[in-house]
Structure formats: structure tokens, C-alpha cells
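# Observations on the three-dimensional arrangement
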Amino acid sequence: MNGMANIPTLASMNCSWRFFSLESFFLASHEAGYEACEIWTGPMHFFMDSHEYDPVDRLKTLERRYGMKVIGICPEQTNPKPHNMAARDPRMQERTYAYFRNAIDVACEIGASQVVATSGWGYLDEPRRSAWERSVRMLGRVGDYAAERGTLVAIEALQPAETNLVHTVSELVQLIDEAGSPALKVCLDIGAMWAAGETIDDYFDAFGSDVVHCHFVDCGEQSHVSWGTGSRDMARDLECLMTHGYRGSLSVETLESAHLANPAAADLQAISLYRSAVKEVTS
């Protein structure tokens, strides 16, 4: 598929592999036919905090061994994780900034295209605007560091259960505008988009080529289910992305607990359906 013009690369993602080793994830992805992956920094696979991170040479070795390219870094950052873009405590703010600096450094060392970030979250017993302003300031700082390093931060919207800050395209537009860093771009998370009742067209109408990454998932009764178990039409989603000239990767971010014991099956089904979707769209 990679050799076909204008076809986005499908990437596997290790978030559903948390009860398996990182090497098992790389091996299974390779055997399924993936040539790229996005690394979620779950500590069981790749530890990273505000002080340190695991040697990137380990990732480079797995890349070479299995013919896989790490195309992005997805740091842990939602409640109750310790690093929050809208953190209120000054010490937590500095830890968050140091954490994302480390994520950006890892991305640069491995040659990944972007680091995924979110708005963070605010307490429900404080004014939303207070948390919003903290998120804007932190994203501005993080974006400026990414610009210094020559890489991008792709911000994704979240679902209402995850944050009280950014759920929609309009909120994401406002956040990025106020943060004001040229390195801040957009990750189109299909699950968050679906939860907000929005469309792929809505994202590209608002952001155009600033959509640099995509979490490519199926959605049914909930979001981020394995492809083929929800109600989205993969071929139509792919066609829409290609119509808008999307050139980034499509990461399969399966989060449903039903696949934690056998994540390889969901990843294999996703790439099989993707191959069929490519044929349908390009025929």
C-alpha cells in the first residue's frame, strides 16, 4: 500500500498490547503487514516521565528488526495521569512541561513526525475558563519547544467524560489560536469526532493541511472499538480523507477491553479491512 500514490499509511498502536511485551507488538504488527506504528508511552512498554525516559535505541532496534517505522509518540496525559496541560499546581505545571519536552525529544531522536497532545482537563469545582487559560499557556510553551526542535505537536479533541475543555472543532480552533504557536497542529481522532457529532469534512474545513495525524477507529455503541465491530464505513472515511489531500498516517487506536487478551486479532482485522477499503476507493 505504501507504494500507491496518495494512500495514507495505516499504523498499528500499542495501547491495546499492555499485557504483552513491546517486542510482541512489533512482531505481530510486522507479521500482519504493518510498516509503521505509533508508540503510546505506557510504562510497561516505554517509560517516560518528567525526569527521564527509556533509551530510544531500544525503539530503533525494534524498528530495524521488524521493518517498522515509529511515526508518532502518544504520551499518557488524561485524568488520572500525572501530566495535565491544564494543571493548576505550579509544581505540576513544571512537571508537565518537562514531560512534554521529553516526549518531543523522544520524537526527534526516533525521527517521528509528531507528538500527540490534548487540552488537558480542569477541576469541576473551578471556573472552566481558569483551566482553559492554563491549557493555553502550557500548550504555547510546549509548542514553542517543539518549534525549536523542528517537530510538531498534534492536538486532539477528547470526549466529554475525559475533559471539560475541548470536545469540538470550534473549541479546538479557539485553543490553537489562543496558544499561538506555529508548531501546534491537529490530530483528528475519529472517536472524539464521532462523540461530538462532527465529521471528517468539519475538521478539514476548519484546519485544512494542519490536520497532520489521525487516530483511525471504528465507533458503535462507544468509540475506539476494533474495526469491523462498529458502524463506520472505513472505505468512505478513507475516501473522505484522501479527497481532502490528507498525507499523514492513520493509527489504529483500539481501546476496548475485549481485545486486551488478543490484540493481534483486532490489528489483523483492521489491516485486512484497510486493504479492501483501499481497493474499493482506488478502483
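Read on for a plain summary of the structure. (Residues numbered from 1 in each chain as written. Predicted model: local features only at pLDDT ≥ 70, side-chain atom pairs only at ≥ 80, totals over all residues. Heavy atoms only, no water.)

### Re the overall build of the chain
Keep this limit in mind: Where helices and strands are cited, they refer to DSSP runs of H or I of at least four residues and of E of at least two residues respectively, numbered from the N terminus. We compute the radius of gyration from the C-alpha atoms alone; for a globule the expected value is 2.2 Å times N to the 0.38, where N is the number of residues. Classification of residues uses two cut-offs on accessible area relative to the type maximum, computed with a 1.4 Å probe and protein chains only: under 20% is buried, over 50% is exposed, and between them is partly exposed. Here, two residues are considered to be in contact whenever any of their heavy atoms come within 4.5 Å of each other. Where accessible areas are quoted, they stem from the Shrake-Rupley method and a 1.4 Å probe; at the residue level, only the protein chains shown are allowed to cover. When charges are counted, Lys and Arg are positive and Asp and Glu negative, with His and the chain ends excluded. By convention, charge coordinates are those of NZ in Lys, CZ in Arg, CG in Asp, or CD in Glu.
Across its full length, the chain carries nine helices and eight strands. Its C-alpha radius of gyration of 18 Å places the chain within 12% of the 19 Å reference for a compact globule of 283 residues. When the backbone C-alpha atoms are referred to their principal axes, the chain occupies close to 50 × 40 × 35 Å. For the chain, buried positions account for 56% of its 283 residues. Contacts in the chain between residues at least 24 apart in sequence constitute 79% of all its contacts with a sequence separation of at least 6. Carbon and sulfur atoms provide 49% of the accessible area of the chain, an area that totals close to 11700 Å². Positive and negative charge centroids in the chain, built from 23 and 39 side chains respectively, lie 5 Å apart.

### A closer look at the packing of helix H8 (residues 234-243) against helix H9 (residues 263-282)
How we decide: With axes taken as lines fitted to C-alpha atoms, and helix axes fitted only over the stretch in contact, angles between N-to-C directions fall between 0 and 180 degrees. In what follows, roughly perpendicular refers to angles from 65 to 115 degrees, roughly parallel to angles under 35, roughly antiparallel to angles over 145, and oblique to any angle outside these ranges. The sense of a crossing depends on the near helix, which, turned anticlockwise from the far helix by less than a right angle, makes the crossing left-handed and, turned clockwise, makes it right-handed.
Where H8 contacts H9, the two axes come as close as 9 Å, and the packing angle between them is 60°. Between H8 and H9, the angle is such that the two are oblique. In the packing of H8 onto H9, the handedness of the crossing is right-handed. Here Met-234, Ala-235, Arg-236, Leu-238, Glu-239 and Met-242 of H8 lie close against H9, whose contacting residues are Ala-270, Leu-273, Tyr-274, Ala-277, Val-278, Glu-280 and Val-281.

### So, the nonpolar core
Under the convention used in this document: What makes a nonpolar core is a set of buried Ala, Val, Leu, Ile, Met, Phe, Trp, Tyr and Cys residues whose side-chain atoms join them at distances within 4.5 Å.
Counting 83 residues, the largest nonpolar core has Phe-26, Ile-39, Leu-188 and Phe-216 as its most contacted members. Every residue in contact with Phe-26, bar those within four places of it in the chain, is listed here: Cys-37, Ile-39, Leu-62, Glu-63, Tyr-66, Met-68 and Val-70. Grouped together as the second largest cluster of nonpolar side chains are eight residues, Cys-15, Trp-40, Cys-74 and Ala-154 included.

### What about the sheet that holds strand S7 (residues 211-215)?
Worth spelling out the cut-off: Two strands form a pair only when DSSP identifies at least two bridges running between them.
Strand order in this closed barrel of eight strands is S1-S2-S3-S4-S5-S6-S7-S8, and the pairing throughout is parallel. Averaged over all pairs of adjacent strands, the angle between their axes in this sheet comes to 30°, without regard to strand direction.

### Examining the environment of Glu-23
You can see Glu-23 is positioned in helix H1 (residues 22-32). Those residues in contact with Glu-23 that lie beyond four places of it in its chain are Leu-62, Arg-65 and Tyr-66.

### Focus: the side chain of His-167
In plain terms, the rule: Counted as a polar contact is a pair of N or O atoms within 3.5 Å, where, for protein atoms, one must be capable of donating a hydrogen and the other of accepting one, and residues adjacent in sequence contribute only when both atoms are in side chains.
For His-167, the location among the structural elements is in the loop between strand S5 (152-155) and helix H5 (169-179). A residue is classified by how much of its surface remains accessible, and His-167, at 19% relative accessible area, is buried. Within polar-contact distance, the side chain of His-167 engages the backbone oxygen of Thr-163 at 2.6 Å. Discounting chain neighbours no more than four positions away, the residues touching His-167 are Ala-157, Leu-158, Gln-159, Pro-160, Ala-192, Ala-196 and Glu-198.

### Quick look at the pairing of strand S4 (residues 114-117)
Test applied: Call a crossover right-handed when, viewed with both strands pointing away from you, the route from the first strand across the helix to the second goes clockwise.
Covered by surrounding structure in S4 are Gln-114 and Val-116 together with Val-115 and Ala-117, the residues of both alternating faces. Where strand S3 (residues 69-74) lies against S4, two bridges are found, and the strand directions are parallel. In the sheet register, Ile-73 faces S4, and the bridge partner there is Val-115. Following the backbone out of S4, through helix H4 (residues 128-149) and into the adjacent parallel S5, one traces a crossover that is right-handed.

### Notes on the packing of helix H7 (residues 200-207) against H8
In the contact formed by H7 and H8, the axes pass within 10 Å of each other and the chain directions differ by 15°. With respect to their mutual orientation, H7 and H8 come out roughly parallel. Both H7 and H8 take part in a crossing whose hand is right-handed. Touching Ile-200, Asp-201 and Phe-204 of H7 are Asp-237, Cys-240 and Leu-241, all from H8.

### Quick look at the side chain of Asn-102
For Asn-102, the position within the fold is in helix H3 (residues 90-110). By relative accessible area, which is 11% here, Asn-102 ends up buried. One polar contact links the side chain of Asn-102 to the main-chain carbonyl oxygen of Asp-49, over a distance of 2.9 Å. Excluding residues within four positions of it along the chain, Asn-102 makes contact with Met-48, Asp-49, Ser-50, His-51, Glu-52 and Tyr-53.

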